[in-house]
Amino acid sequence: MSLTGITAYLRPQTLEEAYSCLGSGALAVAGGTDVLRHSRVGVHTLVDLGALPLRYVREEHGFAVGANATLTDLLEHPGLAAHLDGVIAGMLQAVGSPLLRNAATIGGHLARRRYSDIVPVLLALDAGVTVYEGAERTLPLADFYGEGAAPSRALITEVQIPPAGKDTAAAFLKFSRTVFDFALLNCAVLVRRDGPERVGHCRIVVGETPALGASVPEAEDALRGTPFDDASIAAAAEAAVAAVPFAGDQRAAADYRRALCRVGVRRCLEEARRRLEEGRR
Ligand SMILES: Cc1cc2nc3c(=O)[nH]c(=O)nc-3n(C[C@H](O)[C@H](O)[C@H](O)COP(=O)(O)OP(=O)(O)OC[C@H]3O[C@@H](n4cnc5c(N)ncnc54)[C@H](O)[C@@H]3O)c2cc1C
């Protein structure tokens, strides 16, 4: 980022104060890993969120994660790291490098609305998010992204991750050229058994298509109510391939992403099935 246009650096102590600082030409900064990489025309004031009391991970009916918690804070929280067979921890280990994760915050990550391994997993887990715009409101993360562009002053304050529930397994897979690269495509799934043999609630999310992750209802419909066998897994993967509007960019062609999606959804579902079966023993 060109910092030459920055004439003020503010460090508010309260949410109300931070919100009032975020007028036109002011930009919030948390870990700064994204802010520092991209030039922003017309920005003259940086509003450092680091003094706000939003750096925590609490285990309470699932998990409440403050927006200023770093990705390392999440990775090192024993309960969160073990949640759903470590699906969040496994994904975070594939996000950039340890140095990046020490600085990057969950709030800053979700506010960027692009290039994400974290969003697909949080969507699969039906996470919620609390935002502050003069008052706090909590909404499903899917609705937060469904609402389109964020109001420029909305501050993310917390992310909620629901408890796992019984007979539930999740899995995540990232395809990338090297471990430090952004994904060419990623997938996250959550599957809950309904009775001994049938799939009940399920989420199948495909990301970096190259759009930000979104769940694929057509694939979920193909899986729900089925015996969760090879045939239903293959049908869900095909439904995802048919439904997702893939595009090409500098990282991968649309056809390549289509092929990755077929393999990624299948492998994620197979992993979730394996975890469910292990959990029964
Ligand atoms: C080298 C590199 C490699 C990376 N690799 C990966 C990867 O493999 N996978 C992946 O998923 N991501 C990856 N990332 C993205 C990384 O996860 C994000 O840059 C990071 O999480 C952003 O968090 P931050 O706290 O640094 O945000 P900042 O840079 O501080 O802010 C980012 C944006 O969010 C806004 N913002 C910050 N906090 C809030 C808040 N609480 N409420 C509202 N708006 C807010 C800022 O105004 C800014 O627009 C990579 C980034 C880099 C630089």
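Residues numbered from 1 in each chain as written. Predicted model: local features only at pLDDT ≥ 70, side-chain atom pairs only at ≥ 80, totals over all residues. Heavy atoms only, no water.

A.B. asks: Quick rundown of the layout of surface pockets? Include the residues and the values.
C.D. replies: For the second largest pocket, the calculated volume is near 170 Å³. Lining the second largest pocket are Leu-122, Leu-123, Asp-126, Ala-127, Pro-140, Leu-141, Ala-142, Tyr-145, Arg-203, Gly-213, Ala-214 and Ser-215. Counting residues per element, the ones that place at least two in the lining of the second largest pocket are helix 6 (118–124), helix 7 (141–146) and strand 12 (214–215). Here the element with the most residues in the lining of the second largest pocket is helix 7; it accounts for three residues. A per-class count over the lining of the second largest pocket returns eight nonpolar, two polar and two charged. (1 Å grid on protein atoms, 1.4 Å probe; cavity = no way out; pocket = protein on both sides within 12 Å on 5 of 7 lines; lining within 4 Å. Points joined across faces, edges and corners; volume = space filled by probe spheres on them. Helix = DSSP H or I, 4+ residues; strand = E, 2+ residues; numbered from the N terminus. Nonpolar A, V, L, I, M, F, W, Y, C, P; charged D, E, K, R; others polar.)

A.B. asks: Hey, could you go over the site of the ligand for me, with residue numbers and the actual values?
C.D. replies: Around the ligand there are 33 residues in total, and Ala-28, Ala-30, Thr-33, Thr-105 and Asp-117 lie nearest to it. Contact between the ligand and Ala-28: an oxygen atom at 2.5 Å from a main-chain N or O atom of the residue. Interatomic distance of 3.5 Å between a backbone N/O atom of Gly-108 and an oxygen atom of the ligand. Contact with the protein chains hides 90% of the accessible area of the ligand, taken as 980 Å² for the molecule alone. Contributing elements (two or more residues each) for the shell around the ligand: strand 2 (26–29), helix 5 (106–112) and strand 8 (155–161). Tallying contributions element by element places helix 5 first for the shell around the ligand, with five residues. (Near = heavy atom within 4 Å. Polar contact = N/O pair within 3.5 Å; in protein donor to acceptor, adjacent residues only side chain to side chain. Areas by Shrake-Rupley, 256 points an atom, 1.4 Å probe, with all protein chains shown as cover.)

A.B. asks: For the pairing of strand 11 (residues 198–207), give the residues involved together with the corresponding values.
C.D. replies: Burial analysis of strand 11 places seven of its 10 residues in the buried class, the great majority of the element. In this structure, the hairpin formed by strand 10 (residues 185–194) and strand 11 is closed by a connection of three residues, where Gly-195 is found at a positive phi of approximately 80°. Of the strand pairs in this sheet, strand 11 and strand 12 are connected by two bridges, and their pairing is antiparallel. In the strand pairing of strand 12, Val-205 is matched with Ser-215. Taken together, strand 11 and the strand that follows it, strand 12, pair antiparallel across an intervening segment of six residues, in which Glu-208 is found at a positive phi of about 60°. (Buried < 20%, exposed > 50% of the residue type's maximum accessible area, 1.4 Å probe, protein only. Pairing = 2+ DSSP bridges.)

A.B. asks: Can you break down helix 3 (residues 78–92) residue by residue, with the values?
C.D. replies: Here helix 3 spans only 14 Å end to end across 15 residues, well under the 21 Å set by a 1.5 Å rise per residue. In helix 3, a bend of some 125° at Asp-85 exceeds every other bend along the element. Here helix 3 has its buried residues at Gly-79, Leu-80, His-83, Leu-84, Gly-86, Val-87, Ile-88, Ala-89, Met-91 and Leu-92. (Expected span 1.5 Å × (residues − 1). Bend = angle between axes of the 7 residues up to and from the residue.)

A.B. asks: I'd love a proper account of the pattern of salt bridges, names of residues and values included.
C.D. replies: When their charged atoms lie close together, side chains carrying opposite charge are able to pair. With the rule as written, the count across this model stands at 20 salt bridges. Its salt-bridge partner being Arg-114, residue Asp-34 comes within 3.1 Å of it at the nearest N-O pair. Pair noted here: Asp-34 is in the loop between strand 2 and strand 3 (45–48) and Arg-114 is in the loop between helix 5 and helix 6, with a separation of 80 residues, a long-range link. You can call Asp-34 buried: its relative accessible area is 12%. Overall, Arg-114 belongs to the partly exposed group, its relative accessible area being 29%. Note that Asp-221 and Arg-224 form a salt bridge whose closest N and O atoms lie 3.0 Å from each other. Using a relative accessible area of 38% as the deciding quantity, one classes Arg-224 as partly exposed. (Salt bridge = Lys/Arg side-chain N within 4 Å of Asp/Glu carboxyl O.)

A.B. asks: Can you break down the nonpolar core residue by residue, with the values?
C.D. replies: Val-65, Ile-88, Ile-106, Leu-110, Leu-122 and Leu-125 are the most contacted members of the largest nonpolar core, which totals 53 residues. No other element matches the seven residues that helix 3 contributes to this core. Aside from chain neighbours lying at most four places away, what touches Ile-88 is Leu-80, His-83, Val-121, Leu-125 and Ile-161. In this structure, Val-189, Ala-240, Ala-254 and Cys-268 belong to the second largest nonpolar core, which totals 33 residues. (Core = buried A, V, L, I, M, F, W, Y, C linked by side-chain atoms within 4.5 Å. Contact = heavy atoms within 4.5 Å.)

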